[in-house]
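Residue-level structural notes
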Amino acid sequence: MTTAEEVFAALDGMGIAYNRAAHAPAHHIEDCIPIARSMGATVCKNYFLTTKSKRLYALLLTRPEARLVTKDVSRQAGTPRLMFAEEAPLEAMLRTHPGAVSPMGLVFDREQSVRFLMDRSLLALPRLAFHPCDNTMTLAMSTRDFTDRFLPATGHGVTYVDIRDTIEASEER
């Protein structure tokens, strides 16, 4: 069974309704936006982060247009300064790779080694789209199912952060 098939089986076991689409490999967020839009959802940008000591790992979920400022996210999350994590722990903890990072990988993090951070503004959206840990597929589900059913089923809590849009950040300069 592939990792994506395991994700779909986990969602089925949780009783979560979703739809999915197969497509050419989507390597950039710009490739994912039209796919998610055709599914009536907003694609999420995902960042796998760690601290300098590599004692804490975090997965940050935000909007595609959001501008990541790790200093701001770290402060809001109450963590030491976060930075991009290496590929090996991403593969080991979430069973995925760069270009396919997804909160769906949390189903494989049974020890809750990864802290989950989410842009609060995503809560206002009706549907969210993610890769099932494979960038040749996209799945979409209701935001409520994601926050109220999926995350609790994986044992992961959520820390909400507020991330500004790229446009807002540019206007401040």
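These lines cover the structure that appears in this document, whether it is placed above or below. (Residues numbered from 1 in each chain as written. Predicted model: local features only at pLDDT ≥ 70, side-chain atom pairs only at ≥ 80, totals over all residues. Heavy atoms only, no water.)

1. Overview of the overall build of the protein
For the protein, the count of helices and strands is 6 helices and 9 strands. For a compact globule of 173 residues, the expected C-alpha radius of gyration is about 16 Å, and the protein comes in at 15 Å, within 12% of that figure. Seen through its C-alpha atoms, the protein measures out along the principal axes to roughly 45 × 35 × 30 Å. Classification of the 173 residues of the protein by burial places 48% in the buried group. Considering only intrachain contacts with a sequence separation of at least 6, the fraction spanning at least 24 residues in the protein is 69%. Taken as a whole, the protein presents about 8400 Å² of accessible surface, with 52% of it coming from carbon and sulfur. (Helix = DSSP H or I, 4+ residues; strand = E, 2+ residues; numbered from the N terminus. Rg over C-alpha atoms; globule rule 2.2 N^0.38 Å. Buried < 20%, exposed > 50% of the residue type's maximum accessible area, 1.4 Å probe, protein only. Contact = heavy atoms within 4.5 Å. Areas by Shrake-Rupley, 256 points an atom, 1.4 Å probe, with all protein chains shown as cover.)

2. Structural notes on the sheet that holds strand β8 (residues 137-142)
Strand order across the open sheet formed by 4 strands is β1-β8-β7-β2, with mixed pairing between neighbours. The two strands at the open ends of the sheet, each matched to only one other strand, are β1 (19-22) and β2 (42-43). Note that β2 and strand β7 (residues 127-130) share 2 bridges and pair parallel. What sits directly across from Val 43, in β7, is Ala 129. Against the sheet, helix α1 (residues 3-14) makes contact with β1 and β8, and its axis sits at roughly 15 degrees relative to β8, the strand it touches most. (Pairing = 2+ DSSP bridges. Axes fitted to C-alpha atoms, helices over the stretch in contact; angles between N-to-C directions.)

3. Thoughts on the environment of Thr 3
Looking at where Thr 3 falls in the secondary structure, it is placed in helix α1. Along the primary structure Thr 3 and Leu 94 are separated by 91 residues, whereas in three dimensions their C-alpha atoms are 9.9 Å apart. In this structure, Thr 3 is in contact with Arg 95, Phe 108, Pro 132 and Cys 133, ignoring residues within four places of it in sequence.

4. Some thoughts on the environment of Arg 149
By the secondary structure assignment, Arg 149 is in helix α5 (residues 143-154). Taking the C-alpha atoms as reference, Arg 149 lies 9.6 Å from Leu 11; in sequence the two are 138 residues apart. In this structure, Arg 149 is in contact with Met 14, Gly 15, Ile 16 and Arg 144, ignoring residues within four places of it in sequence. A polar atom in the side chain of Arg 149 sits 3.0 Å from the backbone oxygen of Gly 15. (Polar contact = N/O pair within 3.5 Å; in protein donor to acceptor, adjacent residues only side chain to side chain.)

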